[in-house]
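So you can see what is in the structure, the chains are spelled out below.
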Amino acid sequence: MNTSTIDWRQRANDIRPDGRAVIAGRRVAARDGETFDCISPIDGRTLASVARGRTADIDAAVAAARQAFDDGRWARKSPAQRKRILQRFSEGILAAKEELALLETLDMGKPVQQSLAVDVASTARIIAWYGEAIDKVYDEIAPTPHNALALITREPMGVIGAVVPWNYPMLMASWKLGPALAAGNSVVLKPSEKSPLTALRLAEIAVEAGLPEGVFNVVPGYGHEAGEALALHMDVDAIGFTGSTRVGRKMLEYAGRSNLKRVYNELGGKSAFVVFDDFADVARAATTVAASMFYNQGESCNAPSRVFVHERIADEFVRIVTGEAPKYQPDDPLSGTAEMGAIVDETQLRTVLGYIEAGHGEGARMVAGGKQARADSGGYFVEPTVFDGVDNRMRIAREEIFGPVLSVIRFKTEDDAVAMANDSPYGLQASVWSDNVNRAHRVARALRAGTVHVNQYDEDDITVPFGGYKQSGNGRDKSLHAFDKYTELKTTWLRIDPA
Ligand code: NAD
């Protein structure tokens, strides 16, 4: 997308984001009037005072959502009516695309042209996709004996709590909102305290598009306050969570301590990228891993952060990746041309630099990057970093860094590669690179991950499910399968008497 004619820096100076919550279709301050500062990772400036939602605010939002659900203002609209409103919501997102892209970039640091071309465009598509799907899904009739009829129908669950992270704020919200709203539920969304601004605007746009008041509420705040209150709430029917495995565990505990609400966790990853020596185009594999790893500053749950390369081609592979890394040197995310932007905040910057130090300490060999960048900007930037000679037992190979740090691990045999790739608590995504069709299929089957790519890494679409094995979560976002998370399955038996 050509954004070169837009003066993003000027617009950034002019924008005055509204940090108040959206409850029952209206902007409101926190009940106790408290706020927290929303800081831009680009230069450390304060973007807005944001409502610090707590239990009272969550209670108000859940009550509004419950009332909206119970009176049927949304759930009892026909699927075609819901479709039309969601299409208008999607159109509203596109009409505000530059504002949303700017807010996303200012809030979490990714290059603005990527916010526009990927985050905003995909969010609009996802909302429209679920809207368009909902009047095309049919229920079932069971193959019962002649004197009975059993209808198997899907019903909306009620009030859905969505708790999402900061790395793709709008997109992660839309993966919950699309299926939950299309199915007829009401939603209370708790965005990350590090990136609340676009979620708040989305709720306003939805109301303008005709979504009835109370159907979609947004309460910003901290995880241990607003997030916990939502997940413990007795009147929330399900939690759609995306975030760390640490907090995913808590979500399950909260459900156990409250009303056993359904918990759908989309959690962390440490994705394996396995390159065999029978794959001829080593350069394509190497450039793909660099592009996928350094996209979004490495702050992607599915970043291919563990690369397993056959020892025969490893030197060539590392040489190419090392040459690619500087192309992703961070730059001002508002320039319109940056390949990599800012790390979300100072805490995350320290975490990433800490892992780089740990890599050194454990004996891995750093072949690219490794330092903080653009420190005089007042923002938080890290160079694209590559470690060679990594052992799969090192911390940089086991723990999710969530920054631009790639680990290269060499292997000798297919069995070793598969065993090491699967030796991880995570199982979100993986890929195998081989020109041998038998090996490609064999290894794709053996890899324990929710998504496996063969000879590519970038394909992604709302039409396919996304989620993890093992401690990467349960349930699946995206595709028609996401309706499983936000609907109850009901069986209705009818007796049919003979004439
Ligand atoms: P996080 O777990 O720290 O926070 C996620 C959300 O949970 C935030 O809104 C936060 O405020 C809230 N939260 C934090 N503590 C809470 C608590 N005690 N109770 C209730 N809510 C709480 O994660 P993050 O740092 O925002 O995001 C990064 C993580 O998200 C990474 O692990 C990444 O892999 C994961 N992620 C997964 C997917 C996926 O689809 N599997 C997609 C994107 C990101």
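Residues numbered from 1 in each chain as written. Predicted model: local features only at pLDDT ≥ 70, side-chain atom pairs only at ≥ 80, totals over all residues. Heavy atoms only, no water.

A. Summary view of the packing of helix α2 (residues 55-70) against helix α8 (residues 223-232). Interhelical geometry of α2 versus α8 gives an angle of 45° and a closest axis separation of 8 Å. Judged on the interaxial angle alone, α8 and α2 are oblique. Between α2 and α8 lies a crossing of right-handed hand. Contacts between α2 and α8 involve T55, I58 and V62 from the former and A226, A229 and L230 from the latter. Here the contact of α2 with α8 is built from residues that sort into five nonpolar, one polar and no charged. (Axes fitted to C-alpha atoms, helices over the stretch in contact; angles between N-to-C directions. Helix = DSSP H or I, 4+ residues; strand = E, 2+ residues; numbered from the N terminus. Parallel < 35°, antiparallel > 145°, perpendicular 65-115°, else oblique. Left-handed = near helix turned anticlockwise from the far one by under 90°. Contact = heavy atoms within 4.5 Å. Nonpolar A, V, L, I, M, F, W, Y, C, P; charged D, E, K, R; others polar.)

B. Broad picture of the sheet that holds strand β5 (residues 140-141). With antiparallel pairing, the three strands of this open sheet are ordered in space as β5-β6-β23. In this open sheet, the two strands that pair with only one neighbour each are β5 and β23 (487-495). Taken together, the two bridges between β5 and strand β6 (residues 148-156) define a ladder with antiparallel strand orientation. Its bridge partner lying in β6, I141 is registered against L151. (Pairing = 2+ DSSP bridges.)

C. Representation of the nonpolar core within the structure. Membership of the largest hydrophobic core comes to 72 residues, with the highest contact counts inside it found for F89, I93, L181, V187, L189 and F216. Here this core takes ten residues from helix α5 (residues 112-134), the largest share from any one element. Setting aside its immediate chain neighbours within four residues, I93 contacts L100, V120, T123, A124, I127, L202 and I205. Among the nonpolar cores identified, the runner-up in size contains 30 residues, and V390, I409, V418 and A430 belong to it. (Core = buried A, V, L, I, M, F, W, Y, C linked by side-chain atoms within 4.5 Å. Buried < 20%, exposed > 50% of the residue type's maximum accessible area, 1.4 Å probe, protein only.)

D. Region of the structure containing the environment of D43. If you trace the backbone, D43 turns up in the loop between β3 (35-39) and β4 (46-51). Overall, D43 belongs to the partly exposed group, its relative accessible area being 35%. For D43, the residues in contact, after removing those within four places along its chain, are S377, G378 and G379. At 3.1 Å, the side chain of D43 forms a polar contact with the backbone nitrogen of R45. (Polar contact = N/O pair within 3.5 Å; in protein donor to acceptor, adjacent residues only side chain to side chain.)

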